[in-house]
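Results of the structural survey
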Amino acid sequence: MAYNLGTLQDITLRDIKVTGDIYVGGLSGYSLKPVMRIKAEGNLTREGEHDYSSTYEVQGRVQVGGLLGTGKLSDNIRVTGIKVSGAGESVNMIGGAVGYGQFMTPGESNGASMKKYSLVADTFVTCGEHTEKTPVYFGGAVGNSQGNSNFIFSENVEVYVPNANYAGGVAGVGNLYFCGAKSKDPKAEGYTIEETSVTSGTYAGGVTGNGKGGSCIAEKIRVRALISAAGGISGSAASEINASLADRIVVTAPVTAGGLVGETTSYISYSLVTRSEIKTDGEYAGGLAGKMHTNLANLAGNGVTDTVITAGANLETGESFAGGLAGSCLTPGAVYNNYTRDVAVSAAGDKAGGLFGYVSGGKIYQNIGGKGTSVAGRNHVGGFIGQLAGTYQNAQLYNSYSQAGVSGADYTGGFVGSYAAGSGSALGQDNVRGLVMMGEVTGNPGTSDLILNMSDGSGWGSRSLRVFTEAKLNGKRAAELTDQYPNTLESCKPQELGGKIPNDQANTDLLYSTL
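About the thresholds
Residues numbered from 1 in each chain as written. Predicted model: local features only at pLDDT ≥ 70, side-chain atom pairs only at ≥ 80, totals over all residues. Heavy atoms only, no water. Helix = DSSP H or I, 4+ residues; strand = E, 2+ residues; numbered from the N terminus. Buried < 20%, exposed > 50% of the residue type's maximum accessible area, 1.4 Å probe, protein only. Contact = heavy atoms within 4.5 Å. Areas by Shrake-Rupley, 256 points an atom, 1.4 Å probe, with all protein chains shown as cover. Salt bridge = Lys/Arg side-chain N within 4 Å of Asp/Glu carboxyl O. Polar contact = N/O pair within 3.5 Å; in protein donor to acceptor, adjacent residues only side chain to side chain. Core = buried A, V, L, I, M, F, W, Y, C linked by side-chain atoms within 4.5 Å. Pairing = 2+ DSSP bridges. Phe/Tyr/Trp six-rings, centres within 6.5 Å; stacked < 30°, edge-to-face > 60°. 1 Å grid on protein atoms, 1.4 Å probe; cavity = no way out; pocket = protein on both sides within 12 Å on 5 of 7 lines; lining within 4 Å. Points joined across faces, edges and corners; volume = space filled by probe spheres on them. pLDDT = per-residue confidence, 0-100. Lys, Arg positive; Asp, Glu negative; His and termini not counted.

1. Concerning the overall build of the protein chain
When helices and strands are counted, the protein chain shows 3 helices and 64 strands. In the protein chain, buried positions account for 60% of the 515 residues. A separation of at least 24 residues holds for 82% of the contacts in the protein chain among residues at least 6 apart in sequence. As displayed, the protein chain has an accessible area near 18,400 Å², and 45% of this comes from carbon and sulfur atoms.

Quick look at the structure:
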């Protein structure tokens, strides 16, 4: 059906082949009304690495989907065992269910909607022969989400578009709520595809290539950008990521990779990354984000646990920018109630930290670098921050504690590897205070026995910063509790640890419990 004006629902499609140019779909190329309770079923066969054929295939150039080229869907959509591909000139908006469209909220409440969730499973989305113009927007379920998409999930879906930009396990681009991508046991489910994976040139996301993620999950999936910007939830985001979970994921890129998002210009809040691996060949690797340009946005209530973060180095500058929360964070607002535990941050070059490899300014308080956390790099390495920049007015660090073990060469510190500021700027006891450090710090003599090092070669011991430390720095205790700031380990703990989802938000750990 090329163009639909009526109601389409309760239909099952099997073993079809559709080829076209614009507005191409297995059910309809263009539908003006939402379609509901539609099934698309095929048998997928593996032909080789990143190569599948199916008895149900849809191919086109622009706005191509397994069910609809363009349109809205809702209420128990099921797509299984099919192949959707783009080909031709200026390929864009290719999705397992719909090329350009929206998954509408199917119920009156979140609970009712979960019972009517939609699913794309064991489906291959790819791009065939195309012109030199870079293809864009490929998603396991939707290529380009028109508005917000809700309650759509993918299982054992492969999105393989190595020469394209913006690819996601659910959407190529779009703001998603209560959505997710995961891998299940293929033998138990009868799937051909072993695990969910997303591969693109730039902006690869486990859930969306570009866009917001609210109450989204990525579980047991692989995300890879061949050029830059890969994230467990989103490749890039200009809107907040909140109440989301990334569990047992592997995210890799030559540069810029994060457990939640590759790069972002907005908030990250109340989200958790756990049991995962984040790796870049070059710079910008972080537990939550590879690179943040937050423009005074907040980073609050997040956790990173049982995760390995590895960064190479820029061949020209020697910088790595690796951090437990973010590799680099420019002009943040407030950074509070975040924590790491059993996190290993490893950098081949400079600027690595338990929270940030590099951060410019910001109000950083009530954060925890918990047990099992380690930071290793070359120069500018810190238990919290590799290098802190900013003026006296906008750089603050207080009421936090770190148990991170820190190792480096020059400018290695228990909290801050080095502080770099413009002329006339300085840090003092009114904006650096209440810090508790319990990890060991190892580095070159003269820089490693300090809480914070100055980039001009000077350094501040913990007493001049009025800090309490139980650390054994190069085998020696560096300072004791001062009477002006009687902060203890207990008093510095945040009242609420990060990584927990507020009561008024969906519990992402249970999102799949009804599936």
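2. Examining unusual backbone geometry
Positive phi, normally seen in glycine, also occurs at Met93, with a value near 65 degrees. Mapped onto the secondary structure, Met93 falls in strand E14 (residues 92-95). Residue classification places Met93 among the buried residues on the basis of a relative accessible area of 11%. The phi torsion at Lys220 lies on the positive side, around 55 degrees, for a residue other than glycine.

3. With respect to the pattern of salt bridges
Enumeration according to the criterion identifies 14 salt bridges in this entry. Put simply, Asp350 and Arg378 hold a salt bridge, and the shortest N to O gap is 2.9 Å. A residue pair is termed long-range when its members are at least 10 positions apart, and Asp350 in strand E48 (residues 350-353) and Arg378 in the loop between strand E52 (374-376) and strand E53 (381-382) qualify at 28 residues. You can call Asp350 buried: its relative accessible area is 11%. The class of Arg378 is partly exposed, set by a relative accessible area of 37%. Each of Lys182, Glu219, Asp247, Arg248 and Arg275 takes part in a single network of salt bridges with overlapping partners.

4. So, the side chain of Ser271
Residue position: Ser271 is located in the loop between strand E37 (268-269) and strand E38 (272-274). A polar side-chain atom of Ser271 sits 3.0 Å from the main-chain carbonyl oxygen of Ser269.

5. Quick word on the nonpolar core
Grouped together as the largest cluster of nonpolar side chains are 97 residues, with contacts concentrated most on Leu67, Phe103, Phe138 and Phe356. Broken down by element, this core gets its largest block of residues, 4 residues, from strand E22 (residues 158-168). Apart from residues lying up to four places away in sequence, Phe103 is in contact with Leu73, Ile77, Ala97, Val98, Ser118, Ala141, Val142, Asn148, Ser149, Asn150 and Ile152.

6. Re the environment of Ile227
Along the chain, Ile227 falls in strand E30 (residues 222-231). A relative accessible area of 52% means that Ile227 is categorised as exposed. Along the chain, Ile227 and Val255 lie 28 residues apart, while their C-alpha atoms are 7.1 Å from each other. Setting aside its immediate chain neighbours within four residues, Ile227 contacts Gly201, Thr202, Pro254 and Val255.

7. Some points on the pairing of strand E6 (residues 35-41)
With 6 bridges joining them, strand E2 (residues 8-14) and E6 adopt parallel strand pairing. Its bridge partner lying in E6, Ile11 is registered against Ile38. Of the pairings in the sheet, the one linking E6 to strand E11 (residues 68-74) comprises 2 bridges and is parallel in character. Bridging across to E11, Val35 finds its partner in Leu73. Where E6 and strand E12 (residues 78-80) come together, 3 bridges link them in parallel fashion.

8. Comments concerning the packing of aromatic side chains
Between two aromatic rings, the relevant description is the distance of the centres plus the angle of the planes. Inspection of every chain in the model, using the stated rule, returns 10 aromatic pairs. Note on Phe321 and Tyr358: the rings are 6.2 Å apart at their centroids and 90 degrees apart in plane angle, and the pair reads as edge-to-face. Of this pair, Phe321 sits in strand E44 (residues 319-323) while Tyr358 is found in strand E49 (residues 356-360), placing the two residues 37 residues apart along the sequence. Seen in terms of ring centroids, Phe384 and Phe415 are 4.8 Å apart; in terms of plane orientation they differ by 70 degrees. Their pairing is edge-to-face.

9. Things to note about the environment of Leu13
Residue placement: Leu13 occurs in strand E2. Here Leu13 is in contact with Gly26, Leu27, Lys39, Ala40, Glu41, Tyr56 and Leu67, once residues within four sequence places are set aside.

10. Here's the deal with the layout of surface pockets
Quantified by volume, the largest pocket comes out at close to 280 Å³. The wall of the largest pocket is formed by 17 residues, among which His50, Glu158, Glu195, Ser197 and Arg222 lie closest to the centre. Elements with a contribution of two residues or more to the lining of the largest pocket: strand E7 (44-48), strand E26 (197-205), E30 and strand E34 (250-253).

11. Quick notes on the pairing of strand E54 (residues 385-389)
Judged by how many residues are buried, E54 sits mostly within the fold: 5 of 5 residues are covered. Inspection of the sheet shows E49 paired to E54 by 4 bridges, in the parallel sense. Among the inter-strand pairings, Ser360 is bridged to a residue of E54, identified as Ala389. Two elements, E54 and strand E57 (residues 412-420), share 4 bridges in a ladder whose sense is parallel. Looking at the pairing, Ala389 lines up with Ala420 of E57.

12. Brief notes about the confidence of the model for the protein chain
The pLDDT averaged across the protein chain works out to 83; a share of 81% of its residues lies at or above 70. Note on residues 456-515: pLDDT is under 50 here. Beyond four places in sequence and across chains, it has 140 contacts.

13. Looking at the side chain of Glu283
Its location among the elements puts Glu283 in the loop between strand E39 (277-280) and strand E40 (285-286). Of the side chains with opposite charge, Lys291 comes closest to the buried, unpaired Glu283, at an N-O distance of 7.2 Å. Here the side chain of Glu283 touches Asn314 through a polar contact of 2.8 Å, side chain to side chain. Aside from chain neighbours lying at most four places away, what touches Glu283 is Pro254, Val255, Thr256, Asn314, Glu319, Ser320 and Phe321.

14. Quick word on the environment of Gly66
Checked against the element boundaries, Gly66 lands in the loop between strand E10 (62-65) and E11. On a C-alpha basis, the gap between Gly66 and Gly25 in space is 5.5 Å, while along the polypeptide they are 41 residues apart. In contact with Gly66, other than residues within four places in its own chain, are Gly25, Gly26, Leu27, Tyr56, Val58, Ile82, Val84, Gly95, Gly96, Ala97 and Val98.

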